[in-house]
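Each chain, written out:
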Amino acid sequence: MTQKEYKDMSFLDHLNDLRWVLVKSSIAIVIMAFVAYFFSDFIFDTLIFGPTRTDFVTYRFFCEASHYVGFKDSICIEDLPFTIQNTEMEGQVNIFIWTLILAGFILAFPYVLYQFWTFISPALYEKERKNAKLFIGVSSFLFFIGILFGYFVIIPMSVNFLATFKISDVVKNDINIDSYIGMIKTSVIASGLFFELPIIMYFLSKLGLVNPTFLRKYRRHAIVGVLIIAAIVTPPDVVSQVIVTIPMLMVYELSIFISAYVTKKQEHNG
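These numbers were taken from a predicted model, which means no experiment stands behind them.

Caption draft 1: Structural view of the packing of aromatic side chains. In this structure the tally under the stated criterion is 17 aromatic pairs. Centre to centre, the rings of F34 and F38 are 5.2 Å apart; their planes meet at 90°, and the pair counts as edge-to-face. Exposure remark for F38: the relative accessible area of 56% places this residue in the exposed category. Both rings, one in Y151 and one in F152, keep their centres 4.8 Å apart while their planes meet at 85°; by these two values the pair is edge-to-face. A residue is classified by how much of its surface remains accessible, and F152, at 34% relative accessible area, is partly exposed. Through successive ring pairs, a cluster of aromatic residues spans F34, Y37, F38, F44 and F96.

Caption draft 2: Region of the structure containing the confidence of the model for the chain. For the chain, mean pLDDT is 82; residues scoring 70 or higher make up 84% of the total. Within the chain, helix α1 (residues 3-8) has the poorest average pLDDT of any element, 50, and helix α3 (residues 40-48) the best, 94.

Caption draft 3: Layout of the nonpolar core. The biggest cluster of nonpolar side chains holds 37 residues, and the ones touching the most others in it are I43, I48, I106, I155, V159, Y180 and I184. If you list the elements that add at least two residues to this core, you get α2 (11-37), α3, α5 (91-120), α7 (132-164) and α8 (177-194). No other element matches α7, which puts ten residues into this core. In this view, I184 contacts I48 and I155; residues no more than four positions away in its chain are not counted. Counting residues in each nonpolar core, the second largest holds 18 residues, with A222, V244, V251 and I256 among its members.

Caption draft 4: Examining the environment of T46 more closely. In this structure, T46 sits in helix α3. If near-sequence neighbours (up to four positions away) are discounted, T46 is found in contact with D41, R53 and Y151.

Caption draft 5: Structural context of the packing of helix α4 (residues 57-68) against α7. The interhelical angle for the contact between α4 and α7, taken along N-to-C directions, is 85°, at an axis separation of 9 Å. In terms of their interaxial angle, α4 and α7 are classed as roughly perpendicular. Note on element contacts: α7 touches α4 through F152, P156, M157, V159 and N160, opposite V57, T58, Y59 and F62. Per-class residue counts for the contact of α4 with α7 are seven nonpolar, two polar and no charged.

Caption draft 6: Layout of the pattern of salt bridges. Across all of its chains, the model carries two salt bridges by this definition. Residue K166 pairs with D169 through a salt bridge whose shortest N-O separation is 3.8 Å. Notably, a salt bridge pairs E253 with R219, separated by 2.8 Å at the nearest N-O pair. Of this pair, E253 sits in helix α12 (residues 238-269) while R219 sits in helix α11 (residues 219-233), and the two are 34 residues apart along the sequence. Relative accessible area serves as the criterion here: at 35%, E253 is assigned to the partly exposed category. Of the residues examined, R219 reaches a relative accessible area of 27% and is grouped as partly exposed.

Conventions used here
Residues numbered from 1 in each chain as written. Predicted model: local features only at pLDDT ≥ 70, side-chain atom pairs only at ≥ 80, totals over all residues. Heavy atoms only, no water. Phe/Tyr/Trp six-rings, centres within 6.5 Å; stacked < 30°, edge-to-face > 60°. Buried < 20%, exposed > 50% of the residue type's maximum accessible area, 1.4 Å probe, protein only. pLDDT = per-residue confidence, 0-100. Helix = DSSP H or I, 4+ residues; strand = E, 2+ residues; numbered from the N terminus. Core = buried A, V, L, I, M, F, W, Y, C linked by side-chain atoms within 4.5 Å. Contact = heavy atoms within 4.5 Å. Axes fitted to C-alpha atoms, helices over the stretch in contact; angles between N-to-C directions. Parallel < 35°, antiparallel > 145°, perpendicular 65-115°, else oblique. Nonpolar A, V, L, I, M, F, W, Y, C, P; charged D, E, K, R; others polar. Salt bridge = Lys/Arg side-chain N within 4 Å of Asp/Glu carboxyl O.

So this is what it looks like as structure tokens:
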């Protein structure tokens, strides 16, 4: 489809194309969720509930790292004093289904991106359309890196902090499974989408809605925001906060670099 044909399309035509994009994406997610069903034991026992065990890889890493650098008080997780319970008749069934759908979305993410690219590509120049593979590859890579960061860094630190935080010894932590799974889903997806920030900034810069001057101006605000997030999800030690903060600030700085590149290129072409 040429740009002229795209511009001649009515609003309903665009809406119909978007509907098919959503339909195809939904089918892909359902198919991948069905694939994930065959690995459900691994997904729940190893992945979902892994951070509830003291031998989880992240806890062992911090423990060994603290010994390596010679910390007097080693960062070793010896106990996670909480239990997970289900309080609703259909609770575990709902959790099972929606967790598989989430897994389906993560696995189908590159294809979903491709579908949305086919929707917006007619509005782009021919040179920009040729970057489809690069766009999908980089976006998928950043998303999966964000997923891994959320799972191996954000989630275990959050679990450790929330499981050991007490307002009184009278209160015992019996966590509802909905609350636990909700934290897992939010942390993973939010982290994955946050790592898409450079791609978002690329398109916003192309549209003239964002520029590097704006991003640099609010850099201090971004740093404060990241530090607040790190302080909330990590234990009260500097090492944990630095491990969370540095990758997030690197993503923000990469967004500034990309915005500057796009703006400079547009000024040169203009």
